[in-house]
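Here is how the chains run, residue by residue.
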Amino acid sequence: MQAALSVAAIPMVGLPSLADAADYDIPADLPRYKGPQWLQPKLADALRNSALSTRETLAPYYHAITHNNFYEFGTDKRDPVRYAQKFKTDPWKVEISGEVARPGNYDLEDILAPHALEDRVYRLRCVEAWSMVIPWLGFPLADLIKRFEPTTKAKYVQFTTILDKEQMSEQRSSFGTIDWPYVEGLRMDEAMNPLTLMAVGMYGNALPPQNGAPLRLVVPWKYGFKSIKSIVRIHFSETMPETSWNITAPDEYGFYANVNPEVDHPRWTQATERRLPSGLLTPNIIDTLPFNGYADQVAHLYKGMDLTKWF
Amino acid sequence: MAPGERMGLLRWWLIFLLLLLPLGVLLEGLLTNDLGADPAKYIVKELGFWAICWLWLTLAVTPARKFLGWRWLTRYRRMFGLYTFFYAVLHLLAFATFLVGWRWDILLTELTKRPYIVVGSLALLLLLPLALTSTQGMQRRLGKRWKKLHTLIYPVSLLVLLHFVWQIRSDFLQQLIFAFLLAILLGYRLYLKRCS
C-alpha cells in the first residue's frame, strides 16, 4: 500500500468529458475506495452537476488522496494517507440533535437513503494558501436539513467529527493545541446555500478515509478547515456554535472563514495561492478570488457585514 | 601518513558525508518523485529542519567537549557551522524558487507580512559574516574580535527558534524538543559564565 502510493509518474488527469462519474482516470497502482455495498449503486448513479462545477483542471487523484490536513491522524500532509487506511467507516451513525423536529441517532445508510448523489467539481482553498480542484460526490446539505425539520429557533448548525482515540493517534497526543473532537459550524443560510455539499465520495468512488470518509462537509467558498471530515453529529442551535480553530487561535481563524484575498492571516498573506500540483521551477501561483470564486452565489449572504471583522 | 592521521582523515570524511546525507536523501526523493503531492513545501521544510539541527549541533560542540571530554569534536565545529549556513541558504533558495517562483511582488509581501520569514531572514543575514570569517586566516586576522563576532551565534539561535515556533499550527512537539535542547545548550554557557 505504502509502495503503491509512492508511485513514480503520475499522469495528469484531464476533465472528464461525460457526466458519468465512473470516468475518472485513476492509475491502476493507486487504491480505489469502494465504500459499503449499499453506497456503491448510489455512487455509480451520480450525475455531474455542470452548472455548479468548475471547468478547471482537476488535481490528479494521487495528489487528492495523499495531501491531506486531517490532524486526527497526524499533522504532516502525508500522515492521513499513512495512518487512516484501517479507519473503520462502516457501520456509521450520525446523531441529529438540537432544534429539530426529528432528532435521533441514524444509520448513515438511512441518512443517505432518499438522496441522489451529484458529481460536483469544486475549488478547495486551504487556509495555508494552497489549493486543489476536486470532483466530489454528494448531495446538498439543504436537502438533508429540510428532512429533519429544524425549528424556528435553529439559527446555526454545528458539526462534530468522530472522537476515537484508539483509531486517531493525534487525539491521544499531549502536544497539540486542538481540543478534540473537532467541531465546525455554519450559519443556517450558509448551510442552506445550494453550494454547500455533504460529500460521501470523490473521483467517482467512495471517500478515502484520509479525505473524511464516510461523510464530510464541503463548503467551497470557505477555507478548507470549515469542511469538516468524518461527521458523527449535526446539531442545530440558536446561538453561534464553537468551532475548533476559532477556539485554538481566535485572532487567526474566525467563525466565517470565507476565502478573502483582502484579509490576511496574521502570519501570512492570503492574496495568492499555490494551485497543486505546482511545478518546482515554475510554481503554479494564482491570485486568490473573493469567496474562492463563488462570490456570485454567496456574496449576498454577507451583505452589510464588515468582513475584516467577521473574518 | 601515520595511522592516527589516516583515522582522523577517515573520521573527517565520515562526518562530512553524514551531514550531507539529508540533502542526498532529499535529492533521491526528488529524482524518484517520492516527496509527496507538494514537493516544494516538503523540500523547504526539510532543508530548514536540517539547518536547525546543524546549528544546534554546532552549539553542542563546546558542552560536549567540557562535559564528555570529546576534544576531537572541536575540529569539526567549523564544518558544522558551515553546514548550518549551507542548508539555511538552500532553504531560502528553495523557498524563493519553489514556493515563490522569484516573483518580487510576492517576495516583498512575504518579507513584510510574514513575521516568521522576517525573523528567519534576519537569522540568515547574521550567519553570513560568521560564514565569511570562518577561515583560519580570518580567525588569525581578527584575533580577539573573531570570538566576539562569533558570539552572534547565540542571538541567531534564538531567532531561529522563534522562526520555528512561529509556524506552529497545532502540534508543537518538535518545537518543544528543540526549545528544550537550546535551553540546555545556552543555559550551560550561562552557568559557566556565572561560575567563572
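Up top is the structure.
Thresholds applied
Residues numbered from 1 in each chain as written. Chains lettered and ligands numbered in written order. Predicted model: local features only at pLDDT ≥ 70, side-chain atom pairs only at ≥ 80, totals over all residues. Core = buried A, V, L, I, M, F, W, Y, C linked by C-beta atoms within 7 Å. Buried ≥ 20, exposed ≤ 12 C-beta atoms within 10 Å, placed from the backbone. Helix = DSSP H or I, 4+ residues; strand = E, 2+ residues; numbered from the N terminus. Contact = placed C-beta atoms within 7 Å. Axes fitted to C-alpha atoms, helices over the stretch in contact; angles between N-to-C directions. Parallel < 35°, antiparallel > 145°, perpendicular 65-115°, else oblique. Left-handed = near helix turned anticlockwise from the far one by under 90°. Nonpolar A, V, L, I, M, F, W, Y, C, P; charged D, E, K, R; others polar. Pairing = 2+ DSSP bridges. Expected span 1.5 Å × (residues − 1).

Would you explain the nonpolar core in this entry?
The nonpolar side chains of a soluble globular protein tend to be buried, and buried together. Core analysis: the biggest nonpolar cluster contains 80 residues, and Ile134, Ala199 and Val200 of chain A have the highest contact counts within it. When residues in this core are grouped by element, the largest group, seven residues, is from strand E5 (residues 130–140) of chain A. Not counting residues within four places of it along the chain, the set of residues in contact with Ala199 of chain A comprises Trp136, Leu137, Gly138, Leu207, Arg216 and Val218 of chain A. In terms of nonpolar packing, the next biggest core, distinct from the first, is built from 35 residues, Trp50, Phe95, Leu130 and Val160 of chain B among them.

What exactly am I supposed to notice about the packing of helix H8 (residues 153–165) of chain B against helix H9 (residues 173–195) of chain B here?
All names here are of chain B. For the pair H8 and H9, the least separation of the axes is 10 Å and the interaxial angle reads 165°. The orientation of H8 with respect to H9, classified from their angle, is roughly antiparallel. Here the hand of the crossing between H8 and H9 comes out left-handed. Contact residues: H8 offers Tyr154, Ser157, Leu161, Phe164 and Val165, while H9 offers Gln175, Phe178, Ala179, Leu182 and Leu186. Looking at the contact of H8 with H9, its residues break down into eight nonpolar, two polar and no charged.

What is the right way to look at the pairing of strand E2 (residues 93–98) of chain A in this model?
The two faces of the sheet receive side chains in turn, since in a regular strand these alternate between them. Residues and elements named next belong to chain A. Relative to strand E3 (residues 104–107), E2 is paired through four bridges, and the arrangement is antiparallel. Across the sheet, residue Glu95 finds its bridge partner in E3, namely Asn105. Between E2 and E3, which follow one another and run antiparallel, lie five residues. Two elements, E2 and strand E11 (residues 231–237), share four bridges in a ladder whose sense is parallel. Looking across to E11, one finds that Ile96 is bridged to Ile234.

What is the right way to look at the interface of chain B and chain A in this model?
How big an interface is tends to be expressed through the accessible area that disappears when the partners come together. With 27 residues of chain B at the contact, the number on the chain A side is 31 residues. Those elements that provide at least two residues to the side of chain B that touches chain A are helix H2 (39–68), helix H3 (77–99), helix H4 (104–113), helix H5 (115–132) and H9 of chain B. Within the side of chain B that touches chain A, the residues separate by chemical class into 13 nonpolar, seven polar and seven charged.

For this particular structure, what's the right way to read H9 of chain B?
Structurally, the α-helix is built with 3.6 residues per turn, so residues lying three or four positions apart point the same way. All names here are of chain B. Given a rise of 1.5 Å per residue, 23 residues ought to cover 33 Å, and the 33 Å separating the end C-alpha atoms of H9 matches this to within 8%. Considered for burial, the residues of H9 that qualify are Phe178, Leu182 and Leu185. Of the surrounding elements, those touching the buried residues of H9 are H2 and H8.

What am I meant to see in the pairing of E5 of chain A here?
Residue and element names in this part refer to chain A. Along E5, 11 of the 11 residues are buried, which leaves the element largely enclosed by surrounding structure. Pairing of strand E4 (residues 118–125) with E5, which is carried by eight bridges, proceeds in the antiparallel orientation. Within the sheet, the bridge partner assigned to Val121 lies in E5 and is Pro135. Here E4 hands over to E5 after four residues, with Ala129 in that stretch at a positive phi of 75°. The pairing of E5 with strand E12 (residues 272–275) spans two bridges and is parallel. Within the sheet, the bridge partner assigned to Ser131 lies in E12 and is Arg275. As paired elements, E5 and strand E8 (residues 197–202) share five bridges and run antiparallel to each other. Within E8, the position partnered with Leu137 by the bridge is Gly201.

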